[in-house]
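One-letter residues, chain by chain:
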Amino acid sequence: MSAARCSTACDSSFSQQSAGSFVVITKLPAFFLLQVHFLIRMPVARAFLLPIFLFLFTGAAAAQIHRDDFSAGTLDPVWRTIRQPDISRISVTDRAGYLRLKGSTVTLDDTEVAPVFVGRKLAGNNFAAMVSVDFNPVKETEVSGIALRRSEREHFEFGIRKAAVSRELFLRCVIGSVRTVVAVEAIPPGTIILRVRGFPKYYRFSYSTNGRTFTEVGGVETKPLNGEADPQGIDVGLFASGTGVESRSPADLDWFEYNADPADPYAGLVTTDPSLPAGYTIFSVDAAERGIIQKYPFITRPSGEVPGDVEASEGLVYAKYGDREMRLDLFKPKGRGPFPAVAVIHGGAWITGTHKMENPLAIALARRGYLAATIEHRLSNEKKYPAQIHDLKASVRWLRANAKRLGVDPGRIGAVGASSGGHLVTLLGVTNDMPHFEGDGGNGLYSSRVQSVVNIDGTATFIDPGNIEKEIRGPWNTNTTLTGFTYAENPRIWAEASPITHVNARSAPTLFLNSSSNRPFQQREEMSSKLLSLGIYSEIVVVPDTPHPFWLFRPWFDTTVENIDRFFKLTLKKGRR
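In this text the structure is predicted, and so the values were computed from the model without any measurement. (Residues numbered from 1 in each chain as written. Predicted model: local features only at pLDDT ≥ 70, side-chain atom pairs only at ≥ 80, totals over all residues. Heavy atoms only, no water.)

When you look at a nonpolar patch on the surface in this model, what are you seeing that I'm missing?
Together, Leu532, Tyr537 and Leu570 make up an exposed nonpolar region whose accessible area comes to about 270 Å². By relative accessible area, leucine 570 is classed as partly exposed at 42%. (Patch = residues over 30% accessible without salt bridge, like charges linked within 9 Å, V, L, I, M, F, W, Y side chains within 5 Å. Areas by Shrake-Rupley, 256 points an atom, 1.4 Å probe, with all protein chains shown as cover. Salt bridge = Lys/Arg side-chain N within 4 Å of Asp/Glu carboxyl O. Buried < 20%, exposed > 50% of the residue type's maximum accessible area, 1.4 Å probe, protein only.)

Even after reading the chapter, I still don't get the packing of helix α6 (residues 387-401) against helix α8 (residues 420-430), so can you show me in this structure?
Direction vectors running N to C along α6 and α8 enclose 65 degrees, while the axes themselves pass 10 Å from each other. Along this stretch, α6 crosses α8, giving a crossing that reads as right-handed. In contact with Gln388, Ile389, Leu392, Lys393 and Val396 of α6, α8 contributes Leu424, Val425, Leu427 and Leu428. Across the contact of α6 with α8, the residue classes break down as 7 nonpolar, 1 polar and 1 charged. (Axes fitted to C-alpha atoms, helices over the stretch in contact; angles between N-to-C directions. Helix = DSSP H or I, 4+ residues; strand = E, 2+ residues; numbered from the N terminus. Left-handed = near helix turned anticlockwise from the far one by under 90°. Contact = heavy atoms within 4.5 Å. Nonpolar A, V, L, I, M, F, W, Y, C, P; charged D, E, K, R; others polar.)

Got a minute to help me understand empty space enclosed by the protein in this structure?
Empty space among the atoms becomes visible once a probe the size of a water molecule is rolled across them. Tallying each qualifying case throughout the model produces 1 cavity of 30 Å³ or more. Size it by volume and the largest cavity reaches roughly 30 Å³. Along its surface, the largest cavity is lined by Leu122, Gly124, Asn125, Phe127, Phe199, Pro200, Tyr203, Thr222, Gly227, Glu228 and Pro231. Residue composition of the lining of the largest cavity, by class: 6 nonpolar, 4 polar and 1 charged. (1 Å grid on protein atoms, 1.4 Å probe; cavity = no way out; pocket = protein on both sides within 12 Å on 5 of 7 lines; lining within 4 Å. Points joined across faces, edges and corners; volume = space filled by probe spheres on them.)

Just to check I follow, could you spell out helix α13 (residues 556-571) for this structure?
An α-helix turns once every 3.6 residues. As a result, residues three or four positions apart point the same way. If you check α13, its first and last C-alpha atoms are 22 Å apart, about what 16 residues at 1.5 Å a residue would give, namely 22 Å. Buried within α13 we find Trp556, Phe557, Thr560, Val561, Asn563, Ile564, Asp565, Phe567, Phe568 and Thr571. (Expected span 1.5 Å × (residues − 1).)

Teacher, can you tell me more about helix α12 (residues 524-533) here?
Along α12, the residues that are buried comprise Arg524, Met527, Ser528 and Leu531. The arc enclosing the buried residues of α12, seen along the axis, measures out at 100 degrees, which places them on a common side. Where α12 is buried, its residues contact α8, β23 (510-514) and β24 (538-542). Where α12 terminates, the next one or two residues include glycine 535, which has phi positive at roughly 80 degrees. (Arc of directions from axis to C-beta.)

Mind showing me how you'd approach the pattern of salt bridges here?
As a working rule, side chains carrying opposite charge can pair if their charged atoms are close by. One pass over the full model with this rule turns up 44 salt bridges. Among the salt bridges present, the one from arginine 327 reaches glutamate 325, with a minimum N-O distance of 2.4 Å. We classify arginine 327 as partly exposed; its relative accessible area is 32%. Residues arginine 519 and aspartate 457 are paired through a salt bridge, measuring 3.8 Å at the closest nitrogen-oxygen approach. A residue pair is termed long-range when its members are at least 10 positions apart, and arginine 519 in the loop between β23 and α12 and aspartate 457 in the loop between β22 (452-456) and α9 (465-473) qualify at 62 residues. Put simply, Arg95, Arg100, Asp134 and Asp252 are held in one network by salt bridges that share partners.

Structure below.
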């Protein structure tokens with residue numbers, strides 16, 4: 001059993017059995033190792049080269065992956081316990097090839113009695129630790145998992161416990177007198193791989209049910225454990241507890257793996273594109289995450305998997321301009337409908353990004369009873385304004401033209417956009433029944449009117465004096481790149497592209513859902529006031545302590561969905577088609 005596991009781990013690697021049952025895995029080319037083998041068999045070469053090779057292998061140990069498969073019958077000396085544990089509760093012989101932990105009444109918080117815990121010291125700020133856990137609790141008090149521990153008053157627990165239906169993962173933080181469960185995630189039956197990764201500023205916790213793909217549960221700062229200043233004072237280890245009651249269910253740990261030098265998860269992130277102007281980078285969920293994760297280590301990405309109660313149709317063509325096909329991804333509740341429809345528009349400064357970034361948001365809206373479509377639009381390096389608003393209008397006309405087939409209620413169509421997409425849906429909502437903005441994207445017999453709009457942290461104007469100055473100062477002249485003109489060259493087109501210019505009695509109700517980041521020169525408050533003065537419902541909601549791309553990540557993703565749903569329930573009522 002252990003040999004089979006090791007053969008997978010050691011593929012194309014140098015492996016050597018060390019004390020106990022630890023396997024040391026160092027990435028070295030097979031061809032290089034073959035040359036070493038022959039050279040050190042030569043007496044003259046051995047005396048000269050062997051010390052060099054030992055140095056090379058020792059240096060490579062900084063990148064070692066240590067895997068303990070618990071097959072030696074005794075725990076490796078690297079493992080540490082707390083105080084004097086009850087050794088009957090920690091066994092590597094009860095089940096061959098497994099470390100078995102039997103939870104007692106004691107928890108990791110206990111200051112006198114030894115908890116059921118075995119750990120090893122962290123070697124530095126950067127690490128990854130994984131464990132394969134076979135644990136099926138039958139009582140709510142039974143828990144087991146992996147922990148980062150400095151003391152009884154300073155530790156993080158990432159474990160499995162019984163839930164109402166099956167099991168769940170929990171992330172618990174104990175810092176002084178504060179004891180908080182910061183994340184909970186339902187998990188299916190079966191073996192679970194738990195993973196914790198350490199970085200200088202934060203820890204991340206994730207799990208896998210198949211050993212290949214991991215789901216992030218969240219993260220915490222290293223500072224509460226003083227991990228940034230003194231990581232060597234922290235143990236990463238395995239624990240079990242009955243949380244005040246004796247456990248009936250043992251936790252069987254198949255293997256534990258520790259990597260002292262894991263790869264940077266953002267090392268392969270692509271941020272440049274030759275089609276973008278100098279200084280511009282690709283806007284993606286990965287790039288947004290990298291930019292904010294140190295300040296907000298607890299964030300997680302919402303799932304993009306389509307659940308069983310939602311039907312998905314991806315890559316549908318909604319318009320054609322010559323050979324250029326414009327596509328959308330459509331998500332709808334199962335059933336005949338008709339459903340209110342929502343066009344969802346991505347951000348990216350009008351020059352980057354993709355509609356698929358917003359598929360998780362569309363899926364979440366579909367689960368709440370909306371037919372939601374994420375809309376591709378032409379970016380500004382492909383086509384200048386007004387191509388983008390033409391595309392949005394064409395997508396709404398397509399939804400109405402195909403309303404019966406799709407199950408759309410043609411009298412209830414709204415739009416949601418984020419960042420630059422927020423600007424575009426706001427422009428869509430204030431230009432209802434204005435032929436000049438329609439474009440030639442097809443289905444001209446149908447209306448492009450929308451009944452309600454949600455602008456997520458997007459601007460309402462281009463012509464604020466501060467914004468004009470920003471464009472001159474650079475380096476990112478996003479409005480100029482979109483329109484093809486500076487304000488001085490063509491003030492008319494800047495005014496035309498500004499939603500606040502067009503507010504009128506036919507404009508759609510608008511929610512401005514804003515981050516708390518400083519984004520001046522937007523004139524969202526001014527536009528909301530103009531709508532209200534005309535008797536058109538409008539709101540401004542600020543989500544506290546949020547960065548600009550907040551809508552892409554939990555916990556703010558859920559707040560975003562709640563606000564969209566609430567606003568549409570108020571305003572997305574049957575109106576003119």
